[in-house]
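What follows is the residue order along each chain.
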Amino acid sequence: ASFEPLDKFWNFATQLEYIDLTNNTIHGDMSNVLLSSKFVWLASNNLSGGMPGISPQVTVLNLGNNSLFGSISPLLCDNMTDKSNLVHLSLGHNHLSGEITSCWNNWKSLVLIGLQSNNLTGKIPHSMGSLSNLRFLYLGSNKFFGEVPFSLKNCKNLRILDLGHNNLSGVIPSWLGQSVKGLLLRSNQFSGNIP
């Protein structure tokens, strides 16, 4: 019953095109919420639980700096039959864990992915190389391991790549400098020559 007013709010919010509730102390479990506004800014609150669902109308989703936990797979892999229009996905500074999904092929419109400062692990999936519009990729301060996937070379528009503070290894790929303007690789296990 304590979440009933919040349920009413989310039902009301489906009628809104733009929601910005950044820097409040709003709390509640996001697991069963379906977000359908075009712009959703809910950063810096006390939101908890797992990933919400999003409709294909959402273009900007910022849930950074909350207390969300669990896998990001429900957000990216479940019930996405329609083409996504998501351009901005910011989930940094939460308590997300597990591997990041391989479902990136459904999200080709993405320009920014912010997953920094979580507890994410595993290898960076090759499917991220399908994100041809990607300009900003923030994966720093997680527990990723393995090598930087060669498929990221396909992200020709990539300008900022933050891989710092992980457990990545192998050589630093020579192609990284071709389009990237900002490159963060600190605190990893890279070896060999600097290209």
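Residues numbered from 1 in each chain as written. Predicted model: local features only at pLDDT ≥ 70, side-chain atom pairs only at ≥ 80, totals over all residues. Heavy atoms only, no water.

Visitor: Talk me through the sheet that holds strand β5 (residues 46-49); I want residue IDs and the actual numbers.
Guide: Strand order in the open sheet formed by eight strands is β2-β5-β8-β10-β12-β14-β16-β18, and the pairing between neighbours is parallel. In the strand order of this sheet, the two ends are held by β2 (27-29) and β18 (189-190), each with one partner. Of the pairings in the sheet, the one linking strand β12 (residues 119-122) to strand β14 (residues 143-146) comprises two bridges and is parallel in character. Residue pairing for β14: Thr121 is matched across the bridge by Lys143. (Pairing = 2+ DSSP bridges. Helix = DSSP H or I, 4+ residues; strand = E, 2+ residues; numbered from the N terminus.)

Visitor: Which residues make up the state of the cysteines, and what are the values?
Guide: The final tally for this structure, using the stated rule, is one disulfide. Two residues share a disulfide in this structure: Cys77 and Cys103, whose sulfurs sit 2.0 Å from each other. Its S-S torsion of approximately 110° makes the covalent link between Cys77 and Cys103 right-handed. Of the two residues, Cys77 sits in helix α2 (residues 73-77) while Cys103 sits in the loop between β10 (95-99) and β11 (112-114), which places them 26 residues apart along the sequence. The exposure class assigned to Cys77 is partly exposed, which follows from its relative accessible area of 27%. (Disulfide = S-S within 2.5 Å. Buried < 20%, exposed > 50% of the residue type's maximum accessible area, 1.4 Å probe, protein only.)

Visitor: Describe the pairing of β5, with residues and values.
Guide: Residue alternation in β5 divides its side chains into a buried set, Leu47 and Gly49, and an unburied set, Asn46 and Ser48. Pairing analysis gives two bridges linking β5 to strand β8 (residues 67-70), with the strands arranged parallel. Counterpart to Gly49 in the pairing with β8 is Leu68.

Visitor: Pulling in residues and values, what's your account of the packing of aromatic side chains?
Guide: Geometrically, a pair of aromatic rings is defined through the distance of the ring centres and the angle of the planes. Using the criterion set out here, one finds four aromatic pairs in the structure. Summarising the aromatic geometry, the rings of Phe9 and Trp10 are spaced 5.1 Å apart at their centres and angled 65° between planes, so their arrangement reads as edge-to-face. Note on Trp10: relative accessible area 7%, which makes it buried. Both rings, one in Phe150 and one in Trp175, keep their centres 6.4 Å apart while their planes meet at 90°; by these two values the pair is edge-to-face. (Phe/Tyr/Trp six-rings, centres within 6.5 Å; stacked < 30°, edge-to-face > 60°.)

Visitor: So what about the sheet that holds strand β4 (residues 39-41)? Which residues, and what values?
Guide: Hydrogen bonds between backbone groups are what pair the strands of a sheet, and the pairing can be parallel or antiparallel. Taking strand neighbours across the sheet as the criterion, the eight strands line up as β1-β4-β7-β9-β11-β13-β15-β17 in an open arrangement whose pairing is parallel. The open sheet has two edge strands with one neighbour each: β1 (18-20) and β17 (182-184). Between one strand and the next, the sheet's axes are offset by a mean angle of 10°, whatever the strand orientation. Bridge count for strand β13 (residues 136-138) against strand β15 (residues 160-162) is three bridges, and the pairing is parallel. Looking across to β15, one finds that Phe136 is bridged to Ile160. (Axes fitted to C-alpha atoms, helices over the stretch in contact; angles between N-to-C directions.)

Visitor: So what about the environment of His95? Which residues, and what values?
Guide: For His95, the position within the fold is in strand β10. Here His95 is in contact with Asn66, Ser67, Leu68, Phe69, Gly70, Asn118 and Asn119, once residues within four sequence places are set aside. (Contact = heavy atoms within 4.5 Å.)

Visitor: Residues and numbers for the environment of Ser73, please.
Guide: Positionally, Ser73 belongs in helix α2. By relative accessible area, Ser73 is classed as partly exposed at 24%. For Ser73, the residues in contact, after removing those within four places along its chain, are Asp78 and Thr101.

Visitor: Account for the nonpolar core, naming residues and giving values.
Guide: Leu61 and Trp104 are the most contacted members of the largest nonpolar core, which has 49 residues in total. Elements supplying a minimum of two residues to this core: α1 (4-13) and α2. Per-element accounting of this core gives the leading share, three residues, to α1. Contacts of Trp104, omitting those with residues within four sequence positions, involve Ile72, Leu76, Leu89, Leu110, Ile113, Leu115, Pro125, Ser127, Met128, Ser130 and Leu131. (Core = buried A, V, L, I, M, F, W, Y, C linked by side-chain atoms within 4.5 Å.)

Visitor: Provide a residue-level description of the side chain of Ser44, including the pertinent values.
Guide: By the element assignment, Ser44 lies in the loop between β4 and β5. By relative accessible area, Ser44 is classed as buried at 19%. Apart from the residues within four sequence positions on either side, Ser44 is in contact with Thr22, Asn23, Asn24, Gly64, Asn65 and Asn66.

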